[in-house]
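# Summary of structural features
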Amino acid sequence: MSGCLRLCTAASCRSRGALALLETSTLPVKEVGCLGPCSEGPLAVMDGTLLSLQQAASEPLEPSLAAALARSRAISSEDSFLKLQRRLVLARCGVVDPGCINDALAQGAYQQLQAVLAADNPSAVIETVRRSGLRGRGGAGYPTGLKWATVAAMPGEHKVVVCNADEGDPGAFMDRTLMEGDPHTLLEGMAIAAFAVGAQQGYIYVRAEYPLAIERLRTAIAAAEVRGWLGKGIRGSRFNVAIELRVGAGAYVCGEETALIHSIEGRRGVPRPRPPYPAEHGVFGLPTLINNVETFGNIPALLRLGVEAYGAGTKVFSLTGHVRRSGVLEVPMGTPLRTIVETMGGGAPPGRSIKAVQTGGPSGGCVPASALDTPVDYDSLKALGTIMGSGGMVVLDDTTNMVDLAAFFIAFSREESCGKCIPCRSGTVQLEMLLRKLLERRGSAADLSQLESLCHTVADASLCGLGQSAPKPVLSTLRHFRSDYLELLRPAEVGR
Amino acid sequence: MATLEQGFTELEPVLQRHGHQAHGLIEVLNRAQQLYGHLSKPLLRHIARQLHLPFSRVQGTASFYHLFRLMPPARHCCLVCTGTACHVQGAAQLLAELKAAPLAELGVELGSVRCIGTCSGAPLVVVDGAVWNHVEAQAVLKQLRELER
Amino acid sequence: MSVCTLQINERDVAVPTGTTLLEAARQASIPIPTLCFLEGLSAVAACRLCLVEVRGADGREEPRLLAACVTTAAEGMRVQTHTPRLQDIRRTVIELLFTEGNHVCAICVANGHCELQNLAVEVGMDHSRLPYRFPERHVDLSHAQFGLDHNRCILCTRCVRVCDEVEGAHVWDVGWRGEHCQIISGLGEPWGAVEACTHCGKCVDVCPTGALFHKADTSEEKHSHPERLQALVHARSHQEWSP
């Protein structure tokens, strides 16, 4: 690929003027998806070298690409942000032109689907996924192979595969990166899943806040249909699968799978009790497999490498907040948090120190700086009272008030509560009122214990995952940063 | 204007794509808003009739989702991102300062959005679909004043 | 008919397969409080009052909190209906309901016949530990015979379900979301302006509080009549009437 100039035109670099640079270019330029360290954007690659086209903050962006290239700064391939990654899901992201199926095909897209169809053995595919130990990347971490086997075992000829692309956690953009940068990997993963479980219909439920991802998925689906990788009798086999896009309309709760199903059916995105689980009774009452974008994105790489070489797999994170270098990175599962945040992200801004790292968004919690050596995997993070979540990682420095952060997340859950069950609808309001009272230094020790008690009630009694996990940011900050709360108590209360 | 739109004929392709069936409701609402700017009562009534749905179900669904608007939009729209990364970089302060400014006079409607996923530019605003990175209130106001009225 | 046996509060209970935990408990004369649930309508598990602690479901030993109205009894389940944890959840839920609306019993049409009021007594709520929110809500008196006072509405959605599932008119639905949820008629229009309404009054009959009422009722005069709905549903499904 030497001699070829690649320019990232995904959402982040786009917001930093990448399109203006593209328009002024007299050189042949290939548009690609995310190259990783977004905070250095706009980013380009020339002759295999990653270039930051960013000017000093005070200067306007160079209007011409040639001039910007002349003043660009190279980011060495030995840079730990690049070197410590293991790109399986994002292997082609930043390399392939996401709008061009020929380019994707030339770089191996749909080869695993081809192989799976040629072998014609759905249960072998499920067995591979099961043996790999792959767990759902959307947050809950349910074993993917088990989910696939359950749907495959359901009776009936009509089944559905759904991709949950309603990436709603604030500060998380891993799925956006894949959809914008390499949509064909997602489509291939979904088609393989459909083949494995016996589904003929697929839906991608994508949030409306991602217009570029929607555009690129539409283009990719249409191209894959024309080239015979989606649709009827794929590559001469008897396998049919149609994939449709369903665009959300701004509702975080639709990331909950029963709410997502209702939304695909054209209803209010309100969750319902489970059982019945979607595997049994999903979209239009049909057995339904729901996985998130990154989970499907793992499938082609897993099948290409085989279980042994795939190993523990990877996790894609979006690193943001009080960190020198932010962006998207894919690292081996089990990488210590410190490696990601300090070595790859460069740690806190000058003169500040890291206080905590928030993972799992509104359903997650904070890892205190003292526990930065924790490996990022499902169980280690759970033991610390947070969750892996979908991959949003927000670094918080010593200027952060953890009570304010907890109030931020509770306000988020309050705003996004569907309103169906009372503990979530009304409990999140009361929790925010209590936190505001503390923040305004009007709170007493009794308020603090009421806060804790109400957190447990909302967590225990709510109907769906949103309400059940809404108090987690409060409980987690109470556990690791209780002193931040105690400092806010009315002076007379301290020491009691 | 309203009488001209009574036919809502531009909506026919999306209605047909979903076979005039209930499950197409959100797709139809999305398209309707794209075409007509907001979901007026006559428009919702038309959609309910075309999809054979009770009015209350159409209203209930349209009012559930944040992005559906039941009132006409202002000329310009400024959304302050209030995602986590923007919050820890001061989005609440930014939103409060913009709220205090006379934006309506500029034909600008102020709103918020929960993370658009380009957090490296935090804090940021989205103005008429374009992302403005690393902003502070005075600079945003200055640029908003330069928008065509 | 196959039967499964389970324990409720350490008592052995045998019920037909497919019975919910709520039905099983009621058959064994163990009362479980409910609010959104109403026999004859679909169950939505929204009010969370009927949560019970279940052990031995799916082979799990740690207790799980499950809504009795939608959980099917299974062989070997061990169910607890009134542990201190559950009692506290129920009291908190009732407090959350009282504090999110404007419930003034003394002037309410349903005073003395209100399911919310009865539950407050049952769970021992003599005061609310959480602050009242005093929301601004309105009253819809546009219908010729009935009224809707949103101040007293607890969003149980019984009216929505009875109008949809039994009457078939679907006048009502839930509008908006979260704390802004409210019962809406038509396109958010006044009830009296909604042509779909058949004026049958079933919604008023099933409303557990004084939110839906006959205009002629004054304080303490409103009685709910869920038995009318149940007789109707029974007659339809079994072709049996009790004149």
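Keep in mind it's a predicted model, so treat the numbers as computed, not measured.

So, about the interface of chain B and chain A. At the interface, 35 residues of chain B touch 50 residues of chain A. Taken over both partners, the interface formed by chain B and chain A buries close to 3,300 Å², and the fraction arising from carbon and sulfur atoms is 55%. Per-residue buried area on chain B facing chain A is highest for Phe64(B), Thr84(B) and Arg114(B); these three make up 22% of the total on that side. Joining chain B to chain A, the criterion identifies 1 salt bridge. A salt bridge links Glu415(A) to Arg114(B); the shortest N-O distance between them is 3.1 Å. Summed over the shared surface of chain B and chain A, the result is 21 residue pairs in polar contact (both at pLDDT 80 or more). Going through the elements one at a time, α3 (25–36), α5 (55–64) and α6 (84–88) of chain B are the ones with two or more residues in the side of chain B that touches chain A. Element by element, the count of residues in the side of chain B that touches chain A is highest for α5(B), at 5 residues. Counted by class, the side of chain B that touches chain A contains 14 nonpolar, 18 polar and 3 charged residues.

Attention shifts here to unusual backbone geometry. Cis peptide bonds are those with omega within 30 degrees of zero, and the linkage from Arg274(A) to Pro275(A) qualifies with -5°. Within the secondary structure, Pro275(A) sits in the loop between α12 (257–264) and β9 (288–292). Of note, the bond from Pro275(A) into Pro276(A) is cis; its omega dihedral lies within 30 degrees of zero at 0°. Of note, Pro276(A) is situated in the loop between α12 and β9. Despite not being glycine, Glu10(C) has its phi angle at roughly 70°, a positive value. Checked against the element boundaries, Glu10(C) lands in the loop between β1 (3–8) and β2 (11–16). Relative accessible area serves as the criterion here: at 60%, Glu10(C) is assigned to the exposed category. Positive phi values are uncommon outside glycine, yet Leu155(C) reaches one of about 55°. Locating Leu155(C) in the fold gives a position in the loop between β7 (146–149) and α4 (158–167).

A word on the sheet that holds strand β10 (residues 314–321) of chain A. Backbone-to-backbone hydrogen bonds join strands into a sheet, with any given pair of strands oriented parallel or antiparallel. Residue and element names in this part refer to chain A. Across the sheet, which stays open at both edges, the 5 strands sit in the order β11-β10-β14-β12-β13 with mixed pairing between neighbours. Single-partner strands in this sheet number two, and they are β11 (327–332) and β13 (365–368). On average, each strand axis in the sheet is tilted by 30° relative to the strand beside it, whichever way the strands run.

The next thing to look at is the pattern of salt bridges. Under the definition given, this model contains 46 salt bridges over all chains. Between Asp126(C) and Arg91(C) there is a salt bridge, and its shortest N-O distance comes to 3.7 Å. Taken together, the positions of Asp126(C) in the loop between α3 (115–122) and β6 (139–140) and Arg91(C) in helix α2 (residues 84–100) put the pair 35 residues apart, joining distant regions of the chain. Looking at Asp126(C), the relative accessible area reads 66%, which means it is exposed. With a shortest N-O distance of 2.6 Å, Glu167(C) and Lys202(C) are connected by a salt bridge. Of this pair, Glu167(C) sits in helix α4 while Lys202(C) is found in helix α5 (residues 202–206), placing the two residues 35 residues apart along the sequence. Glu167(C) gets classed as partly exposed once you look at its relative accessible area, which sits at 25%. Salt bridges here are not isolated pairs; linked through shared partners, they connect Asp460(A), Arg85(C), Asp88(C), Arg91(C), Glu95(C), Asp126(C) and Arg129(C).

Glancing now at the nonpolar core. Leu451(A) and Tyr485(A) are the most contacted members of the largest nonpolar core, which totals 118 residues. Here this core gets 7 residues from one element, more than from any other, and that element is α2(C). Setting aside anything within four residues of it in sequence, one finds Leu451(A) in contact with Leu431(A), Leu434(A), Leu435(A), Leu438(A), Val474(A), Leu478(A) and Tyr485(A). Met174(A), Ala220(A), Tyr310(A) and Ala91(B) belong to the second-largest nonpolar core, a separate cluster that totals 80 residues.

Next up on the list: the domain arrangement of chain C. All names here are of chain C. Each assigned domain of chain C is listed with its residue range as follows: domain 1 (3–82) and domain 2 (88–237). Opposite the 20 residues of domain 1 that make contact, domain 2 presents 23 residues. Note on domain 1 versus domain 2: buried area summed over both sides is about 1,600 Å², and carbon and sulfur give 63% of it. Between the two partners, domain 1 and domain 2, sit 0 salt bridges. Linking domain 1 to domain 2 there are 9 residue pairs in polar contact (both at pLDDT 80 or more). Here the residues of the side of domain 1 that touches domain 2 sort into 14 nonpolar, 5 polar and 1 charged.

Turning next to the interface of chain B and chain C. Buried accessible area, meaning the area lost when the parts come together, often serves as the stated size of an interface. At the junction of the two partners, chain B supplies 14 residues and chain C supplies 14 residues. Between chain B and chain C lies a buried interface of about 1,200 Å² when both sides are counted; carbon and sulfur atoms form 63% of it. Viewed at the interface, chain C and chain B are joined by 1 salt bridge. In this structure, Glu189(C) and Arg45(B) form a salt bridge, with 2.8 Å as the shortest nitrogen-oxygen distance. Scanning the region where chain B abuts chain C turns up 8 residue pairs in polar contact (both at pLDDT 80 or more). Counting only elements with at least two residues in the side of chain B that touches chain C, the list comes to α4 (41–51) and α5 of chain B. Ranked by the residues each element gives to the side of chain B that touches chain C, the list is headed by α5(B), at 7 residues. Considered class by class, the residues forming the side of chain B that touches chain C number 6 nonpolar, 5 polar and 3 charged.

With that settled, consider the domain arrangement of chain A. All names here are of chain A. In terms of domains, chain A is made up of domain 1 (5–77), domain 2 (101–309), domain 3 (313–397) and domain 4 (402–493). For domain 2 and domain 4, the distance between their C-alpha centres works out to 35 Å. The interface is formed by 12 residues belonging to domain 2 together with 9 residues belonging to domain 4. In total, about 820 Å² of surface goes out of reach between domain 2 and domain 4, with carbon and sulfur atoms giving 79% of it. Summed over the three residues of domain 2 that lose the most area to domain 4, namely Pro170, Tyr252 and Pro271, the buried surface amounts to 51% of that side. Taken together, the links from domain 2 to domain 4 amount to 0 salt bridges.

This brings us to α4(C). Residue and element names in this part refer to chain C. With 7 of its 10 residues buried, α4 lies for the most part within the structure. Buried within α4 are the following residues: Arg158, Cys159, Val160, Arg161, Val162, Cys163 and Val166. Here the buried face of α4 lies against α3, β8 (172–175), β9 (182–185), α5, β10 (212–214) and α6 (226–238). Looking at the residues trailing α4, positive phi occurs at Gly168, about 80°.

Further remarks concern the pairing of β2(C). Residues and elements named next belong to chain C. Across 6 bridges, β1 lies against β2 in antiparallel orientation. Each bridged residue has a counterpart across the sheet, and for Leu6 the counterpart in β2 is Val13. Turn length for the β1-β2 hairpin, with the two strands adjacent in sequence and antiparallel, is 2 residues, and the turn residue Asn9 shows positive phi of about 50°.

Attention now goes to the packing of helix α16 (residues 402–416) of chain A against helix α20 (residues 472–480) of chain A. All names here are of chain A. Two elements in contact, α16 and α20, have axes whose closest approach is 8 Å; the angle formed by their N-to-C orientations is 165°. Taken together, the axes of α16 and α20 lie roughly antiparallel to each other. For the element pair α16 and α20, the recorded crossing hand is left-handed. Taken together, the residues of α20 that come into contact with α16 (itself represented by Met402, Ala406, Phe409 and Ile410) are Pro473, Val474 and Thr477. Its residues placed into classes, the contact of α16 with α20 shows 6 nonpolar, 1 polar and no charged.

The next thing to look at is the environment of Asn401(A). Residue and element names in this part refer to chain A. Structurally, Asn401 is set in the loop between β14 (392–397) and α16. Considering only alpha carbons, one finds Asn401 and Lys355, 46 residues apart in sequence, at a separation of 9.8 Å. If sequence neighbours within four positions are ignored, Asn401 has contacts with Leu439 and Asp484. Of the polar contacts made by the side chain of Asn401, one reaches the backbone nitrogen of Val403; its length is 2.8 Å.

Conventions adopted
- Residues numbered from 1 in each chain as written.
- Chains lettered and ligands numbered in written order.
- Predicted model: local features only at pLDDT ≥ 70, side-chain atom pairs only at ≥ 80, totals over all residues.
- Heavy atoms only, no water.
- Contact = heavy atoms within 4.5 Å.
- Buried area = accessible area lost by both parts, 1.4 Å probe.
- Salt bridge = Lys/Arg side-chain N within 4 Å of Asp/Glu carboxyl O.
- Polar contact = N/O pair within 3.5 Å; in protein donor to acceptor, adjacent residues only side chain to side chain.
- Helix = DSSP H or I, 4+ residues; strand = E, 2+ residues; numbered from the N terminus.
- Nonpolar A, V, L, I, M, F, W, Y, C, P; charged D, E, K, R; others polar.
- Buried < 20%, exposed > 50% of the residue type's maximum accessible area, 1.4 Å probe, protein only.
- Pairing = 2+ DSSP bridges.
- Axes fitted to C-alpha atoms, helices over the stretch in contact; angles between N-to-C directions.
- Core = buried A, V, L, I, M, F, W, Y, C linked by side-chain atoms within 4.5 Å.
- Domains from an automatic or database assignment.
- Parallel < 35°, antiparallel > 145°, perpendicular 65-115°, else oblique.
- Left-handed = near helix turned anticlockwise from the far one by under 90°.

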